[in-house]
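Coordinates in review
So you can see what is in the structure, the chains are spelled out below.
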Amino acid sequence: MPQTERQDNDKTTPIVIVTGGSRGIGASLVERLHREGFGVLFTHAQSPQEAETLEQTFSDDGPVVRGLQCDVANPNASTCIFDAAEALGDPVALVNNAGITGGLGPLAELGDNELDRVIAVNLAAPARLCREAARRWQNHASRKSIVNISSVAARTGSPNEYVVYAATKAGLEALTRGLAKELAGANILVNAVSPGTTDTTLHARSGEPGRAKRIAEKIPLGRAGQPDEIANAIALLLSKETSYITGSVIEVTGGL
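These figures come from a predicted structure and were not determined experimentally. Position labels on residues start from 1 in each chain and follow its written sequence. Totals for whole chains, interfaces and linings use all residues, but because this is a predicted model, local features are given only for residues with pLDDT of at least 70 and pairs of side-chain atoms are given and counted only at 80 or more. Hydrogens and water are ignored here; the side-chain numbers use all heavy atoms of the structure.

So, the overall build of the chain
Our working rule: Strands here are runs of E lasting at least two residues and helices are runs of H or I lasting at least four, both read from the DSSP assignment and numbered beginning at the N terminus. Taken over C-alpha atoms, the radius of gyration is set against a globule rule of 2.2 Å times the number of residues to the power 0.38. In what follows, residue pairs with any heavy atoms lying within 4.5 Å of each other are defined as contacts. Values of accessible area rely on a 1.4 Å probe in the Shrake-Rupley scheme; residue burial ignores everything except the protein chains shown. For the purpose of counting charges, residues Lys and Arg are taken to be positive, whereas Asp and Glu are taken to be negative. His and the chain ends are not included. Where a charge sits is defined by one atom per residue type, namely NZ (Lys), CZ (Arg), CG (Asp) or CD (Glu).
Helix and strand content of the chain: ten helices and seven strands. Against the 2.2 N^0.38 benchmark of 18 Å for 256 residues, the chain shows a C-alpha radius of gyration of 17 Å, consistent with a compact globule. Residue pairs in contact within the chain that sit at least 24 positions apart in sequence constitute 76% of those at least 6 positions apart. Taken as a whole, the chain presents about 11900 Å² of accessible surface, with 50% of it coming from carbon and sulfur. Positive and negative charge centroids in the chain, built from 24 and 29 side chains respectively, lie 5 Å apart.

Written out as structure tokens, the structure is:
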């Protein structure tokens, strides 16, 4: 029987849920977690070809990697995502990585539909997924982990670019700190990683493909971060070496 079939049916396989995992930081994290021996269920909204390519990369060897197309902002998404992860193995971690900026520009130019969508994807969806994790994991003795992906924008406010995005990320950091205290007694660690400007397609999707290069001039290290550098920090928080870290926001910003 192929290795992937054995892993699919092995309920002891540790599974990490990664939202927004088909490209950028998410795809780099899927690759890193697979190397570390985790199975991965990753979600994507509208990138089936990229998701299929990522699945096929790991189809021949090692733990299972599966994509799930869904809108994380759907109120029912958290249940569907956790059910899909449990079908693959034992979910041990949740990484809330999916996020959108909305179009670049001052707040006065932001329409209601876009404003609602940014809040729904960046804050309401992670909150529902964290709630689902809390409900399913509180009676488990083994350690579980939640890592929320914030942004340096939570600290800078990102004026004249995307202040609502920045506000949602600040809210996500508050959720992280509060939930860490709520769930510490259940051996559920809750942390966040706050990337600085990272060289991904996020900038092109928000309307300025060259933004990472423009911002790089302001970064003390003189360059934008790479997706694998952010993934390394997330993987560290999921490792055995960080068993005494909870309620923390780890900045990976190149000194910004």
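The structure having been displayed, the exposition proceeds.
Details of unusual backbone geometry
The condition is simple: Any residue under 20% of the maximum accessible area for its type is buried, any over 50% is exposed, and the rest in between are partly exposed; the area is computed with a 1.4 Å probe on protein chains only.
The backbone phi angle of serine 158 is positive, close to 50°, even though this residue is not glycine. Positioned with a positive phi, asparagine 160 is a non-glycine residue whose angle comes to about 65°. Take asparagine 160: it is sitting in the loop between α6 (153-156) and α7 (163-183). Asparagine 160 sits in the exposed class, given a relative accessible area of 60%.

With respect to the packing of helix α4 (residues 77-88) against helix α5 (residues 112-137)
A pair of packed helices is characterised by two quantities: the angle between their axes and the separation of those axes. Here is the rule: Axis definition: a line fit to C-alpha positions, over the contact stretch in the case of helices; interaxial angles, taken between N-to-C directions, run 0 to 180 degrees. Here is the rule for angles: anything less than 35 degrees is roughly parallel, anything more than 145 is roughly antiparallel, 65 through 115 is roughly perpendicular, and the remaining ranges are oblique. Left-handed is the label given to a crossing in which the near helix is rotated counterclockwise from the far helix by less than a right angle, and right-handed is the label when the rotation is clockwise. Note on residue classes: Ala, Val, Leu, Ile, Met, Phe, Trp, Tyr, Cys and Pro are nonpolar, Asp, Glu, Lys and Arg are charged, and everything else, Gly too, is polar.
Contact geometry of α4 with α5 gives a least axis separation of 9 Å together with a crossing angle of 50°. The angle between the axes of α4 and α5 places the two elements in the oblique class. When the axes of α4 and α5 are compared, the crossing they make is right-handed. Residue-level contacts link Ser78, Thr79, Ile81, Phe82, Asp83 and Glu86 of α4 to Arg128, Leu129, Glu132, Ala133, Arg136 and Trp137 of α5. Looking at the contact of α4 with α5 residue by residue, the class counts come to five nonpolar, two polar and five charged.

Some words on the pattern of salt bridges
To be explicit about the condition: Just to be clear on terms, a salt bridge is a Lys or Arg side-chain nitrogen sitting within 4 Å of an Asp or Glu carboxyl oxygen.
Tallied over the full model, the rule gives eleven salt bridges. For arginine 223, the salt bridge goes to glutamate 229, with nearest N and O atoms at 2.8 Å. Several salt bridges share partner residues, and in doing so they unite Asp83, Glu86, Glu132 and Arg136 into one network.

As for the packing of aromatic side chains
To keep it simple, the criterion reads: When two rings of Phe, Tyr or Trp (its six-membered ring) have centres within 6.5 Å they constitute a pair, described as stacked for plane angles under 30 degrees, edge-to-face for angles over 60, and tilted for the intermediate range.
Inspection of every chain in the model, using the stated rule, returns two aromatic pairs. Between phenylalanine 82 and tryptophan 137 the ring centres are 5.8 Å apart and the planes differ by 70°, which places this aromatic pair in the edge-to-face class. With a gap of 55 residues between them, phenylalanine 82 in helix α4 and tryptophan 137 in helix α5 connect regions that are remote in the sequence. A relative accessible area of 0% places phenylalanine 82 in the buried class. Judged by centre distance (4.9 Å) and plane angle (75°), the rings of tyrosine 162 and tyrosine 165 are edge-to-face. Given a relative accessible area of 9%, tyrosine 162 falls into the buried group. Residue classification places tyrosine 165 among the buried residues on the basis of a relative accessible area of 8%.

Here we look at helix α10 (residues 227-237)
Among all positions of α10, only Pro227, Ile230, Ala231, Ala233, Ile234, Ala235 and Leu237 are buried. Elements in contact with the buried residues of α10: α2 (24-35), β4 (90-96), β5 (144-149), β6 (188-195) and β7 (249-252).

So, the confidence of the model for the chain
Low pLDDT means the predicted coordinates in that region are not meant to be read closely. This is how it is decided: By definition, pLDDT measures how confident the predictor is in each residue, and it falls between 0 and 100.
Across the chain, pLDDT averages 91, with 92% of residues at or above 70. Long-range and interchain partners of residues 1-7, a stretch whose pLDDT sits below 50, account for nine contacts in this model, where long-range means more than four residues apart.

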